[in-house]
Amino acid sequence: MQKLLFYTFLIAAIFSQKSFAQVNQFDKNGKRHGAWKKYYSNNQIRYEGQFNHGKEVGVFLFYDEKSDGKPTIMKKFQENSSIAEVLFFFPTGKLKSEGKMDGKNRIGEWKYYYNDGKRLLSKENYQNGKLDGITTVFDKNGKIIEETIFIAGEKNGIQKKYTDAGKLIEAITFKNNKRNGEASFYGVDGVLVLRGQYLNDKKVGKWIRFKNGKKVGEEFPNKRKERPIKK
């Protein structure tokens, strides 16, 4: 939140100065230089920022075509780098998400917020624009309700889901973005009720049912049923 307040004051200072400067100028090599503003066909501002001989510098603001004047994206470009700190906003102006981008690719940790702009909804990790690492989802009270492992943009590993009380209710193994491997399901009390195997998102083999933690039965979801012999 302190970061957001800092950027808010920074923007006000920067763009109050830019309003008196010439915009959309080129240097002698034909590269954008100085203050720039671009507009949609309806004359709504699309973005505004500063170039240094073709390189974005400092803070850039981006707007939707039907914006009411509040930016939807803010990017703060690092000097001598293609990496930018990025903030996304709800239409209300509240913070929606934040992280870093290298060009058009998200990198590192990204945080997403509920519509109040304060409470954390989820945390994701990116490498070269693809999800990579643990993605964590939180409820509105800040408790973890889901954890998923991603590798190169696909689910790979055990995905866990929890109740509001923190009890594990699902643990499913993923490979190549599909359910592959062991899966366990629990009651709201955290006690095991069902366990079996998936293959390419389909239940296979023997699934075991439990009650109070003890085995009470078996089922074979994909077992072929014998057709009755016609006389």
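Structure's up top.
To start, this report covers the structure provided alongside it. One numbering rule holds for all chains: residues counted from 1, following each sequence as written. Residue-level local features of this predicted model are given only where pLDDT is at least 70; pairs of side-chain atoms are given and counted only at 80 or more, and the full residue set underlies all totals for whole chains, interfaces and linings. In computing side-chain values, all of the structure's heavy atoms are included and hydrogens and water are not.

**With respect to the overall build of the protein chain**
Helix and strand definitions follow DSSP, with helices as H or I runs of at least four residues and strands as E runs of at least two, each counted in order from the N terminus. Per the secondary structure count, the protein chain includes 1 helix and 19 strands. The buried label goes to any residue with under 20% of its type's maximum accessible area, the exposed label to any with over 50%, and the partly exposed label to all in between, with areas taken from a 1.4 Å probe on protein chains only. Considering the protein chain as a whole, with its 231 residues, one finds that 32% of them fall into the buried category. Residues count as neighbours in contact if any of their non-hydrogen atoms are within 4.5 Å of one another. In the protein chain, of all internal contacts separated by at least 6 residues, the share reaching a separation of at least 24 is 9%. Residue-level accessible areas treat just the shown protein chains as cover; the underlying method is Shrake-Rupley with a 1.4 Å probe. Split by element, the accessible area of the protein chain, about 15300 Å² in all, is 50% carbon and sulfur.

**Focus on the nonpolar core**
Residues grouped as a nonpolar core are buried Ala, Val, Leu, Ile, Met, Phe, Trp, Tyr and Cys residues, joined through side-chain atoms within 4.5 Å. Counting 15 residues, the largest nonpolar core has Y47, F51, F60, V86, F88, W110 and Y126 as its most contacted members. Elements with a contribution of two residues or more to this core: β3 (45-52), β5 (73-77), β6 (83-89) and β8 (105-113). Broken down by element, this core gets its largest block of residues, 3 residues, from β6. When residues no more than four places from it in sequence are discounted, the contact partners of Y47 are R32, W36, K37, K38, F60, L61, F62 and Y63.

**Quick word on the side chain of D139**
Mapped onto the elements of the fold, D139 is located in the loop between β11 (133-138) and β12 (144-151). We score Asp and Glu as negative and Lys and Arg as positive, and we do not count His or the chain ends. Just to be clear on terms, a salt bridge is a Lys or Arg side-chain nitrogen sitting within 4 Å of an Asp or Glu carboxyl oxygen. Put simply, D139 is tucked away with no salt bridge, and the nearest opposite charge, on K143, sits 6.0 Å away. The term polar contact refers here to a pair of N or O atoms within 3.5 Å; inside protein, the definition further demands a hydrogen-donor-capable atom paired with an acceptor-capable atom, and it admits residues adjacent in sequence only when both atoms are side-chain atoms. Side-chain polar atoms of D139 contact the backbone nitrogen of N141, separated by 2.8 Å. Ignoring sequence-local partners within four residues, the contact set of D139 consists of Y114, L120, I145 and D164.

**Quick word on the pattern of salt bridges**
Proximity of charged atoms lets side chains of opposite charge pair with each other. Tallied over the full model, the rule gives 8 salt bridges. E48 is the partner of K37 in a salt bridge, and the nearest nitrogen-oxygen pair spans 3.9 Å. Separated by 11 residues along the polypeptide, K37 in strand β2 (residues 32-39) and E48 in strand β3 bring together distant segments of the chain. Look at K37 and you get partly exposed, because its relative accessible area is 24%. A salt bridge links K215 to E218, with the nearest nitrogen and oxygen atoms 2.7 Å apart. One salt-bridge network, held together by shared partners, links K206, K215 and E218.

**Quick notes on unusual backbone geometry**
A positive phi is found at N128, a non-glycine position, where the angle reads about 55 degrees. Following the sequence through the fold, N128 ends up in the loop between β9 (120-127) and β10 (130-131). Assessed through its relative accessible area of 59%, N128 is described here as exposed. The phi dihedral of N212 falls on the positive side, at around 55 degrees, and the residue is not glycine. Mapped onto the fold, N212 is located in the loop between β18 (202-211) and β19 (214-219).

**Comments concerning the packing of aromatic side chains**
Any pair of aromatic rings gets described here by the distance separating the centres and the angle formed by the planes. Stacked, tilted and edge-to-face are the three classes applied to pairs of Phe, Tyr and Trp rings, where Trp contributes its six-membered ring and a pair requires centres within 6.5 Å; stacked means planes under 30 degrees apart, edge-to-face means over 60, and tilted covers the rest. Enumeration according to the criterion identifies 11 aromatic pairs in this entry. Here the aromatic rings of W36 and F51 are separated by 6.1 Å at their centres, their planes lie at 80 degrees, and the arrangement is edge-to-face. Of this pair, W36 sits in strand β2 while F51 sits in strand β3; the two residues are 15 residues apart in sequence, bridging distant segments of the chain. Accessibility expressed as a relative area gives 7% for W36, which makes it buried. Residue class for F51 comes out buried when judged on its relative accessible area of 3%. Look at Y47 and F62: their rings are 5.9 Å apart centre to centre, the planes differ by 40 degrees, and that puts the pair in the tilted class. Separated by 15 residues along the polypeptide, Y47 in strand β3 and F62 in strand β4 (residues 55-62) bring together distant segments of the chain. These aromatic residues form a ring-pair network of at least three members: F26, W36, Y47, F51, F60, F62 and F77.

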